[in-house]
Amino acid sequence: MNGTTITFPVQQVNNEETIQLILNIFHEEVIGMRAWNSDDYRIKVANWGDINMDYEIEENLLLPSNVMFEFDDLNHSLGDLLFGQSALALSVDKEIEAIIKINGIERIKATAIPGKIRCNPGKGKVKLTVGTRTDILNKKPVYFRGGTHTFRITAAFTNFPQEGSIYSNNGSQFTVVGVIQVEDGGLRIATNRTSGLNNPLSADWLTKVSGNGDVSYQYASWWTGYGINHWNYSRNTYRSIVSILENIYSIVDSSISYSGGILDLHSCQMQGNRDSAECYLNNIRLPETYILTDPLFFDDAYQIKSFGDMLKKLAIDWGAFTGMLSNGKAFFKQLFNFNAANTQAVKINKWEQGYELSLIDYVRVTTGINSPNEPYTKGIYTPKEDRILERKSLPGFYITASQSGSNVKAVINRSNHFVFDHGSAISNYPSEGSVYSNNSSEFEVVGTPFSIGSDVSRRITTIRIAGTNNPDASGTLIKVSGTGDTTYSYSSYGDANGTYTIYRARDPILDYPGYQNVFKDHGDLMSAFWFFNRGNIQKCRIDSFTFWGIGYDFMKDFIHSGLKFQIISMTIRPSQSLTDVKALFLGAV
């Protein structure tokens, strides 16, 4: 990496808090990373702009975070670096990264926005606006539809072919209609056959007839049909929701990973049946799930054209909101969810109560798997269109007495989970939370059958909660607490890992009558979630606050006057040592 790092001094914002700026200005010229102290070059931050993290309420998305800086550039050092005519200045590719530290902790890392870099050399002023650039996701197509033939390029290439360029193979000509570079570095070229009747050879070369692009491209294979998508996902496959979200956000910033908190803070628990050596698990979490790719990439009914569309859809379907707070820091957080273990103290300067969410009278949810229980409705139908919420959910799963369906899987890889094989159906199955002991360890039941007496009910899924000994190879489970028989014999045990099919879900914090921590079809649970949280005027309340200070965490909830709040937008004002917040009102503590 080559460029110039400009480190600005730590500034005192108030008696307790500090702020600091670091600029990385990257070059094409090979110089390594050189370090400048801003004072040595007489560059000062003249104005800290507001740091905005705004939430689009009805789109379930955080808008791109951005901040504007104004610099006093007394020696023209920064201006010359950005706009001068020296070889070094000319090598600057205008990729500028701003890092903002609050109280010594990196809070914002953002990239310069094209068109928002300005210099007034006469006054020695430079203005720079940086942001997380998630707007790119709204412009990036998920796939190129159409085309009669799509070519997979895995060999080295120099340039992308432009749309309208024509290439030939096996006596036919193919006009380029779309190009995507996929995550392995190769190309996918979508074309229409515009001359000739022959299909391409199975693995060969495309030779340029006209247009822009390399003279030839070596392709490994080709296919007809749906064109190309960004990661070359194929039909009838399942992908981890973690990897899908990571891949989406990596378009903006390649450093995004789950360890950065993409899927933290979601309370939904799912119940599934293991596909082999059947057993049940009741507490499958969202980061463990895999969803069918077809609705995301191959179904026009959902109108998913861009990766911004895809993010909105995933967030809505899981009752969440999502966005990037900073480069490297994305989140996927459940709405209307107060987490008592994830709160912060706040100092209130001003508090205003208000209603910003529109009241919903009627919710109707369908899914892509056409459950016999659909549509899932809540409330009373109204002719007022703005008070009707209709959703067609990408994920879907259900189970009835006679049939079931699901397009969601889970891959479980946990430690300390044990499945005991009783050898025959258990008529008096222990309830979830019951505790049994064996070999000086205790095991809590974490999976229960959908229907007592089926063959799968011969196995009991548990987690070890006390002791370190593994169970005896075969033996007896002895009840410590809960329901079920006093003892269960077992002939063998194994782990609970493997691939599960999801059939039901519950939300421990959803206080809707009949749904409190009760397993339901996904569409049913989502209809109750949206109606409970949007069908009551109190739930539509969003309060505005101004906090003293700037060191607040967007991802943490807070309590004020005995009331619970979840932050959904934040503006940090360093120059005034204040933070403006909008927060969902979530009731009394």
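See above for the structure.
Because the structure is predicted, anything quoted here is derived from the model rather than measured.

### With respect to the overall build of the chain
Regarding its fold elements, the chain presents seven helices and 45 strands. The buried share of the chain, taken over its 589 residues, is 52%. Partitioning the intrachain contacts of the chain with sequence separation of at least 6 by distance along the chain shows that 69% fall at a separation of at least 24. Counting only carbon and sulfur atoms, one obtains 46% of the accessible surface of the chain, whose full area is about 24800 Å². The chain carries 53 positive and 59 negative side-chain charges, and their two centres are separated by 2 Å.

### Quick word on the sheet that holds strand 30 (residues 388–393)
Reading across the sheet, the three strands line up as 29-28-30 and stay open at both edges, with mixed pairing between neighbours. Unpaired on one side and paired on the other, strand 29 (376–379) and strand 30 mark the two borders of the sheet. The mean inter-strand angle of the sheet, taken between neighbouring strand axes irrespective of direction, is 10 degrees. Bridge count for strand 28 (residues 362–367) against strand 30 is six bridges, and the pairing is parallel. Along strand 30, the bridge assignment pairs R364 with E390.

### Let's talk about the pattern of salt bridges
According to the stated counting rule, one finds 20 salt bridges in the structure shown. For the salt bridge of D39 with K44, the shortest nitrogen-to-oxygen distance reads 3.8 Å. Assessed through its relative accessible area of 41%, D39 is described here as partly exposed. Each of E70, D72 and K125 takes part in salt bridges that share partners, so that together they form one network.

### Some remarks on the packing of aromatic side chains
Taken as a whole and judged by the stated rule, the model has 35 aromatic pairs. Ring plane angle 85 degrees and centroid distance 5.1 Å describe the contact between F529 and W530, whose orientation is recorded as edge-to-face. Residue classification places F529 among the buried positions, given a relative accessible area of 3%. The class of W530 is buried, set by a relative accessible area of 3%. Ring-pair connections join several aromatic residues into one group, and the members of that group are W351, F545, F547, Y552, F558, F565 and F585.

### With respect to unusual backbone geometry
Looking along the chain, the bond that leaves E374 and enters P375 is cis, with omega of -5 degrees. Mapping P375 onto the fold places it in the loop between strand 28 and strand 29. The backbone of S561 shows a phi angle near 55 degrees, a positive value even though the residue is not glycine. Of note, S561 is situated in the loop between strand 43 (558–560) and strand 44 (563–573).

### A look at the environment of L314
Relative to the helices and strands, L314 resides in helix 6 (residues 307–317). Judged by relative accessible area, L314 falls into the buried class, the value being 1%. Filtering out sequence-adjacent residues up to four positions away, L314 remains in contact with I244, L245, I248, I291, L296, F332 and L394.

### Quick notes on the nonpolar core
Ranked by size, the top nonpolar core spans 122 residues in total, and within it L21, F71, I100, M310, L314 and F554 carry the most contacts. Sorting elements by how many residues they give to this core places helix 7 (residues 522–534) first, with seven residues. What M310 contacts, discounting residues up to four positions off in sequence, is V142, I244, I248, L296, F297 and I304.

### Some details on the packing of helix 4 (residues 241–250) against helix 6
As a packed pair, helix 4 and helix 6 sit with axes 10 Å apart at the nearest point and diverge in direction by 145 degrees. As helix 4 packs across helix 6, the resulting crossing turns out to be left-handed. For the pair helix 4 and helix 6, contact is made by I244, L245, I248 and Y249 and by F307, M310, L311 and L314, respectively. Here the residues of the contact of helix 4 with helix 6 are counted per class, giving eight nonpolar, no polar and no charged.

### Quick word on empty space enclosed by the protein
One pass over the full model with this rule turns up four cavities of 30 Å³ or more. Computed from the structure, the largest cavity encloses a volume of approximately 80 Å³. Lining the largest cavity, in full, are Y55, I57, E58, N60, L335, F336, L357, R391, W530, R534 and L584. Among the residues forming the lining of the largest cavity, the class breakdown is seven nonpolar, one polar and three charged.

### Some words on helix 7
Here helix 7 is 13 residues long and its end C-alpha atoms lie 18 Å apart, about the 18 Å a rise of 1.5 Å per residue gives. Extensive coverage of helix 7 is indicated by the burial of 13 of its 13 residues.

### Concerning the sheet that holds strand 33 (residues 408–412)
As summarised here, the arrangement of the six strands in space is 21-24-33-41-22-23, forming an open sheet in which the pairing is antiparallel. Either end of the sheet is taken by a strand with one partner, and the two such strands are strand 21 (238–240) and strand 23 (280–285). Strand-to-strand twist of the sheet, defined as the mean angle between neighbouring strand axes without regard to direction, takes the value 40 degrees. Of the strands in this sheet, strand 21 and strand 24 (289–292) touch helix 4, which is tilted by about 70 degrees from strand 21.

### Observations concerning the environment of N282
Examined against the element boundaries, N282 turns out to sit in strand 23. Each C-alpha atom, one on N282 and one on K139, is 39 Å from the other, the two residues being 143 residues apart in sequence. N282 has contacts with Q269, M270, Q271, E432, V446, G447, T448, R506 and F519, leaving out every residue within four places of it along the chain. Of note is the side chain of N282, whose polar atom sits 3.2 Å from the side chain of E432.

### A short note on the pairing of strand 41 (residues 498–506)
Each regular strand shows side chains that alternate between the opposite faces of the sheet. Pairing of strand 22 (residues 269–274) with strand 41 involves six bridges; the strand directions are antiparallel. Residue Q269 lies in a different strand from strand 41, and its bridge partner there is R506. As paired strands, strand 33 and strand 41 are joined by four bridges and run antiparallel to one another. Note on strand 41: the bridge partner recorded for V411 is T499.

Cut-off values and rules
Residues numbered from 1 in each chain as written. Predicted model: local features only at pLDDT ≥ 70, side-chain atom pairs only at ≥ 80, totals over all residues. Heavy atoms only, no water. Helix = DSSP H or I, 4+ residues; strand = E, 2+ residues; numbered from the N terminus. Buried < 20%, exposed > 50% of the residue type's maximum accessible area, 1.4 Å probe, protein only. Contact = heavy atoms within 4.5 Å. Areas by Shrake-Rupley, 256 points an atom, 1.4 Å probe, with all protein chains shown as cover. Lys, Arg positive; Asp, Glu negative; His and termini not counted. Charge placed at Lys NZ, Arg CZ, Asp CG, Glu CD. Pairing = 2+ DSSP bridges. Axes fitted to C-alpha atoms, helices over the stretch in contact; angles between N-to-C directions. Salt bridge = Lys/Arg side-chain N within 4 Å of Asp/Glu carboxyl O. Phe/Tyr/Trp six-rings, centres within 6.5 Å; stacked < 30°, edge-to-face > 60°. Core = buried A, V, L, I, M, F, W, Y, C linked by side-chain atoms within 4.5 Å. Left-handed = near helix turned anticlockwise from the far one by under 90°. Nonpolar A, V, L, I, M, F, W, Y, C, P; charged D, E, K, R; others polar. 1 Å grid on protein atoms, 1.4 Å probe; cavity = no way out; pocket = protein on both sides within 12 Å on 5 of 7 lines; lining within 4 Å. Points joined across faces, edges and corners; volume = space filled by probe spheres on them. Expected span 1.5 Å × (residues − 1). Polar contact = N/O pair within 3.5 Å; in protein donor to acceptor, adjacent residues only side chain to side chain.

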